[in-house]
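The lines below spell out each chain.
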Amino acid sequence: MSIFGVDIASGSPGSRRAPSYSLVVLEGDATALHHMISRHKLIRMIRERQPEIVAMDNVHELAQSHRDLINLLRRLPPSTKLVQVTGGDRPESLVRLARWNGITFDRTKPLEEAEASARLAARGVGAVVSAFEDKTLIKVSRRRSLGRGGWSQNRYTRKIHGAVMALAREVEKQLREAGLEYSLRAVEGLGGFTRAEFVVEASRDKVHVNPGYSVDAQLKMQSIERPSLQYKPLLHRRGYIIVGLDPGTTTGIAALNLRGELVDLISSRAMSSSDVIEWIAARGRPLIVATDVSPTPGAVEKTKRAFNAVLFSPGADMAGEEKIALGREVGYKNDHERDALAAALSAFRKYKNKFIQVEKKAPAEVDPDEIKALVVRGYSIENAIAEFTQPTPAEGRPAAPAASGAATPDPDTAGLRQHIQQLSEQVKTLRTYVDELQAQLAKKDADLQKAIERLDRLKDKTSREIKRDHEIRIRDKEIGRLRSILRSERKYTKKLKKNAVARKKAERIEEVKGLRRLKPVAAFSKEAVLAAAERYNLAEGDLVLLEDASGGGKSTAEMFRERGVAAIVAEGEMAQAMQEHFLDLGLPVFTSSEIAVQRIDGLPFIRPEELEAARERWEVQQKARQARLEAEKLESLFQDYKVERMKEEKRKKRMGGTEKMGEEGYDWLSTSYS
């Protein structure tokens, strides 16, 4: 069910400023909000989505005048109802209606006011605005003008009038097939109808004739307007009801019909005694006012007197378990609604069997609820039925004459006897009800004892399961931790086994063939050196095979020196600067062309004699390099000394000229002074 709640947000239809509206769309449990939308967009959304109800606190907020409102209603979908939730002829305050129905909102916020209107309409509050009668007007007319005439004027006129008549016949056929009553008024013309009007005795949404046009004729439909607006209640609730009342700071009220079905249920903190009475009166005619406590509260007595209803009060306060059991099937939101609902259901249960008997015995022409009302007020079923079936003298039928010789009974005595009979039946009913309650109480005591025993067993079982689950979680966590450690240890053990196998294989080859093993380093980088050191355990005196000698740096070369590597066999071309640096470090570096590398089972080996020969050549080369470096150093010192001598001689020459000039100046000064 789709409901639109609308409230004006700014402006007004009668002002120069175009009005804007707030819209709340209720679809089941979903709510969509739209703020500050124009009147045109609002109407477009209504036409597109075709909600069942468009609810407002004042429908005149949509239109500037009565005529404008009528035109607006014509534009709405036929199945959409425009509802004024505050009522029709005598509007009620929206705030009061919302309070009666347990709805709170901020009057300064149009969106909240629109949502309150939608929710009130969803509960059946409000009046449907009716501007049209249950009649529909269908007009069939020509679509083209006949023009000024000419040679073919008559033929053209017959063609258009024939099209109008054909379209009218089609509409008449559809109305007959739909079984709708209608009246037709047609104006005949040359060769057909100039126009035809159908008045269908049905509302617009029940007339399934599509408006439209053909080449020469057109069809229009509209509802027939009422002389004035009418407001029809959205929902009628004026039957007898059973009211359960829980007064207090928060008031709970429940209303049931005489079949035990829930009419409405509410709890509110802001309801006065008059508000309670107005809320109940809006739901129906209270027959029974019930409470769940004993003695009866004064507010319940006051409500009972206001409606002249029958009071129902239990002999003692109802137990909480009984209230929960009674209200479980219907449902409630809080304890106040539960107490009110339990009181109403308990009262219905008291009279349930009587109501069933009334349903069976009531004549077809008599409303069973009226008979039930008399039964609740103390009548027997037969006497209650007789009140509606036996004729009275006031209806023009004479009373039956008394038998001859029989004494006329005293009216007071007859009244007392009738009252005694009613009281006797009431006592029987109460005794039967007491027996039922005692049987139910015994059954409930047994059920309660079983439930307590079962609850104790479940508590023990639950505590054991909780403890077991806790221990299982601790163990699972520990198992996960140990499995993680085990995986890492297994991985490390596998790596060690692999290295050990390779080492043993290399040692065996060295023993058998007398070769020297090389420990391979994949690249000339720090990462490769660290990986080889971890895998092959680089130690002092080891021989290294550098599989890719390109790249590298001084810090990488020094890593070999720090680990005490005896020599390096390099594959590929090494930078000249790095070769010089290795010579400075005193670490022999041989190329694979100087020493042949043999691979056996993927492991590199060299012959010891080739290594010794290459080492001797390297030592010779190293000595020659040292001698060359010494000579270069001496040459550099000699050159530095020579340069210093030249600088000194030049300085002395400059200093000697200066001293001579000083002596001559002194002599000149001495002569001058003398």
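Computed from a predicted model, the values in this text were never measured in an experiment.

Asker: Summarise the pattern of salt bridges; cite the residues concerned and give the values.
Answerer: For the coordinates displayed, the defined rule picks out 33 salt bridges. One salt bridge in this structure joins Lys159 and Asp216, with 2.5 Å as the shortest N-O distance. You can see Lys159 sitting in helix H5 (residues 153-178) and its partner Asp216 sitting in the loop between strand S9 (212-213) and strand S10 (217-233), a full 57 residues away along the chain. The exposure class assigned to Lys159 is partly exposed, which follows from its relative accessible area of 45%. For the salt bridge of Lys323 with Asp292, the shortest nitrogen-to-oxygen distance reads 2.8 Å. One end of the pair, Lys323, is in helix H8 (residues 320-328); the other, Asp292, is in the loop between strand S14 (285-290) and helix H7 (298-307), with 31 residues separating them in the sequence. Both residues of the pair, Lys323 and Asp292, belong to the buried class.

Asker: Go over the sheet that holds strand S20 (residues 589-591) with me, naming the residues and quoting the values.
Answerer: Pairing is parallel across the open sheet formed by 4 strands, whose spatial order is S17-S18-S19-S20. The open sheet terminates on both sides in strands that have one partner only, identified here as strand S17 (519-521) and S20. Within the sheet, the average angular offset between the axes of one strand and its neighbour, ignoring direction, is 30°. Bridge count for strand S18 (residues 543-546) against strand S19 (residues 567-570) is 4 bridges, and the pairing is parallel. Looking at the pairing, Leu546 lines up with Ala570 of S19.

Asker: So what's going on with helix H13 (residues 526-536)? Which residues, and what values?
Answerer: Residues lying three or four places apart along an α-helix face the same way, a consequence of the helix completing one turn every 3.6 residues. Regarding H13, the residues found buried are Ala528, Val529, Ala532, Ala533 and Tyr536. Within H13, the buried residues cover an arc of 135° as seen down the axis, which keeps them to one side. H13 presents Glu527 and Glu534 as exposed residues on the side facing more than 90 degrees away from its buried surface. The elements touched by buried residues of H13 are strand S16 (516-517), S17 and helix H14 (554-562). Once H13 finishes, Asn537 follows within two positions and takes phi at roughly 55°, a positive value.

Cut-offs used in this document
Residues numbered from 1 in each chain as written. Predicted model: local features only at pLDDT ≥ 70, side-chain atom pairs only at ≥ 80, totals over all residues. Heavy atoms only, no water. Salt bridge = Lys/Arg side-chain N within 4 Å of Asp/Glu carboxyl O. Helix = DSSP H or I, 4+ residues; strand = E, 2+ residues; numbered from the N terminus. Buried < 20%, exposed > 50% of the residue type's maximum accessible area, 1.4 Å probe, protein only. Pairing = 2+ DSSP bridges. Axes fitted to C-alpha atoms, helices over the stretch in contact; angles between N-to-C directions. Arc of directions from axis to C-beta. Contact = heavy atoms within 4.5 Å.

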